[in-house]
Amino acid sequence: MSNSLSENETFHIGITMAGAVSAGCYTAGVMDYLFEILELWENAKAGSLPEGWDEDLLDYVPMHKAVIDVMGGASAGGMTTVMSAIYAIKGKINPVKDPSNPSSTKGNLLYDSWVLMGDTENDPEKIFEKTLFLEDLNGDKIASLLNSEFIDTICDNAFIDDVGNEKKLPNYISNQLEVMLSQTMLRNVPLPIDFSTPFGNVNPSNKNPKYNTFEHFIISHFKLDYDENNLLHKDFYLPFDPFSSKKEIVDRLKLTTKATGAFPIGLRFREFFNNEFTVNYIKNNSRKLLHNKISPENIPLDPPINFGNVANPFDFIGVDGGAINNEPIGEVLNVLKERYGKKNEGEYDKYGLVMIDPFPDHIIDDNYEQPEDIFSVIPAILGTLQDQARVKRKEMMEFHTKGYLRGEIYPVRYNSLKIPEDHHIACSSVFAFGGFLDINFRHHDFFLGRDNARNFFKVYFSFEYDPENNNVHPIHRSWTQGMINKFKFTREKKNEKGQKVNKVFLPIIPNLYELKSKINPYHRTFEKWPEYDSKDLLKLSPKIEERVKKIVELTYKKITDPKESNPHPITEKLMNKYYKENLFERFSGWIGSKVLKIIFTINKNKIASKISKATIEWILKDLEVKKLIK
């Protein structure tokens, strides 16, 4: 069969990786399996099969093409997005198929970063213990509840070039690959609305009233083929070159990778202060979001947008990208739409979107508890604000009206009766931080991701094959009957007359392991849940107490430190006059502050102990509920 393919025989893919905290290991497992079957297929198309395979199997290898054009993510998904892109452009695909020896280094960036996290056989200090180290608190400032230096180490290791000149971009990765990360800025970009009247416009010197809205969402938008001399690239994209000789390019990529995963309060925020984003990039980012366009050539220049005063340089603090946009599906889809056009009625899909979501926002029930007082209203307000910040109006309408091919990979575990279990993913424990407790949680979820990816690409990422009704996607038109028999998947369905008929589906990405034996979709790598030994947590109780005590001390110091200046002298004068203290009151106040300090000094160990105990108890209860504790 000829290797020259028409554009109709190429299917383009966009991948979105949702936020997941420690469950990024699940997403990593999905991507590991995807790269494995793509690499196997690509090699077979070139005439190379794994050792021991019969050469006659080459007759069953489909010759169409599937290409990943764009990957985007938020939080842990954003970090996995960057790692996946680095792994791919190295061109050295080394899937982890064997679940034995979880603590051994595999030479696989996705596994070594997300499962090991430094928890190797020779390292006695495991990842959760490292999050309790006190070095990050030595500057008398609290950046996060957990020491986040382990993230820096993992990130730095991901950027090590261990391939050198042997790098070869796989054919299933576009040479124009775009990588998009959600970022949340704790500084706003003002978007003013002009409320000036005709009279106010007569005199330009008048300061006409403005109503301002404020943008806090930014996309770190990288391009593999970035050209600094291309005016359509500069200040619209960033170079994706993790092995660049230019330090500023690599540092920016590292910083944005860490920042998208900076889970609020739990993990350290990140500082942007070296003009990582130019002012024009900041403005162009807002233009992308306002016009719902991604490519600079598609963003209209008219009407011009007045962004108000945007500081130069634009310094800001970056926190978890998932705080505002935890699944950048619209941004990823826009890249595909603007490259290959919108799908018109009657046309076949040229592209599709896959979302990997370890914690899908599926509606389980409609139970609603009405808040009764301020203590129940406050958390409800916080949840409401987060939901509203993440609402996806345009994406919902786009998917509802256009019918683009899309699918979601999420954790599913079946029991021996082929019924989904109550709990699927181990890292969902402890508010999604459970994966930091035990490598076995991450190891289990990595292989669960591989199992679920196997089923998704075998069954769900497919098109119906119905030649009798002229319903055959262009990528399947050249398939032989032998290929169809090897890879087809049938599903029984009732027709309009109530008769049972078999619908035939063919995969977009053929899994060549089917040539050896049929894949059992109910097979799972691990039959049993991993179990956590509570002794490991209880042994860390002193270190938990020490970190809590240090945080309590710094908090007390912050609260009780005298203010350096008084910005309200008139108010202070009035208060001193009205609430004038006599000598006894001043003396007793001085004594009171000293006594308070003594009381705190005496009781800070008890406070730390109680908080530590409550934390450990909460962790163990959650593990018990999810049946993860011995």
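So, a few notes on the structure that sits alongside this text. (Residues numbered from 1 in each chain as written. Predicted model: local features only at pLDDT ≥ 70, side-chain atom pairs only at ≥ 80, totals over all residues. Heavy atoms only, no water.)

1. Focus: the packing of aromatic side chains
Under the convention used in this document: Only rings of Phe, Tyr and Trp enter the pairing, Trp through its six-membered ring, and a pair is recorded when the two centres are within 6.5 Å. The plane angle decides the type: under 30 degrees is stacked, over 60 is edge-to-face, the rest tilted. Working definition: with a 1.4 Å probe on protein chains only, accessible area under 20% of the residue-type maximum means buried, over 50% means exposed, and in between means partly exposed. Note on criteria: charge over ring means Lys NZ or Arg CZ within 6 Å of the ring centre, with the direction from the centre no more than 35 degrees off the ring normal.
The final tally for this structure, using the stated rule, is 27 aromatic pairs. Ring centres of Phe 446 and Phe 447 lie 5.4 Å apart, and the angle between their planes is 75°; this geometry places the pair in the edge-to-face category. Accessibility expressed as a relative area gives 0% for Phe 446, which makes it buried. An aromatic cluster is built from Phe 11, Phe 456, Phe 457, Tyr 460, Phe 461 and Phe 463, whose rings are joined through pairwise contacts. Positioned above the aromatic ring of Tyr 60 is the side chain of Lys 486, whose terminal nitrogen or guanidinium carbon lies 5.1 Å from the ring centre.

2. Quick look at unusual backbone geometry
This is how the line gets drawn: Helix and strand definitions follow DSSP, with helices as H or I runs of at least four residues and strands as E runs of at least two, each counted in order from the N terminus.
Note that the residue after Asp 302, namely Pro 303, is joined by a cis bond; omega there is 5°. Examined against the element boundaries, Pro 303 turns out to sit in the loop between α7 (279–291) and β7 (316–319). The phi dihedral of Val 21 is positive, around 55°, even though this residue is not glycine. Structurally, Val 21 is set in the loop between β1 (10–17) and α1 (24–45). One non-glycine residue, Ala 432, lies in the positive phi region at around 75°. Among the structural elements, Ala 432 can be located in the loop between β9 (405–409) and α11 (439–460).

3. Details of the side chain of Thr 256
To keep things clear, this is the line we draw: Between two residues, a contact is recorded if the distance between any of their heavy atoms is within 4.5 Å.
Mapped onto the secondary structure, Thr 256 falls in helix α6 (residues 247–260). Apart from the residues within four sequence positions on either side, Thr 256 is in contact with Leu 181, Gln 183, Ser 220, Phe 222, Phe 272 and Phe 277.

4. A closer look at a negative patch on the surface
Here is the rule we go by: For patches, a residue must show more than 30% relative accessible area and have no salt bridge; joins then use 9 Å for like charges and 5 Å for nonpolar side chains, namely Val, Leu, Ile, Met, Phe, Trp and Tyr. Shrake-Rupley sampling with a 1.4 Å probe provides the accessible areas, and residues are treated as covered by the protein chains on show and by no other component. Salt bridges are counted wherever a side-chain nitrogen of Lys or Arg sits within 4 Å of a carboxyl oxygen of Asp or Glu. In this tally Asp and Glu are treated as negative and Lys and Arg as positive; neither His nor the chain ends contributes. By convention, the charge on Lys lies at NZ, on Arg at CZ, on Asp at CG and on Glu at CD.
Judged by side-chain charge, Asp 54, Glu 55, Asp 56 and Asp 59 come together as a negatively charged surface patch. Among the secondary structure elements, Glu 55 is positioned in the loop between α1 and β2 (65–73). By relative accessible area, Glu 55 is classed as partly exposed at 47%.

5. Some points on a nonpolar patch on the surface
Residues Ile 374, Phe 375, Val 377, Ile 378, Ile 381, Leu 382 and Leu 385 make up a contiguous nonpolar surface patch of about 720 Å² in total accessible area. Counting through the fold element by element, Ile 374 comes out in helix α9 (residues 374–390).

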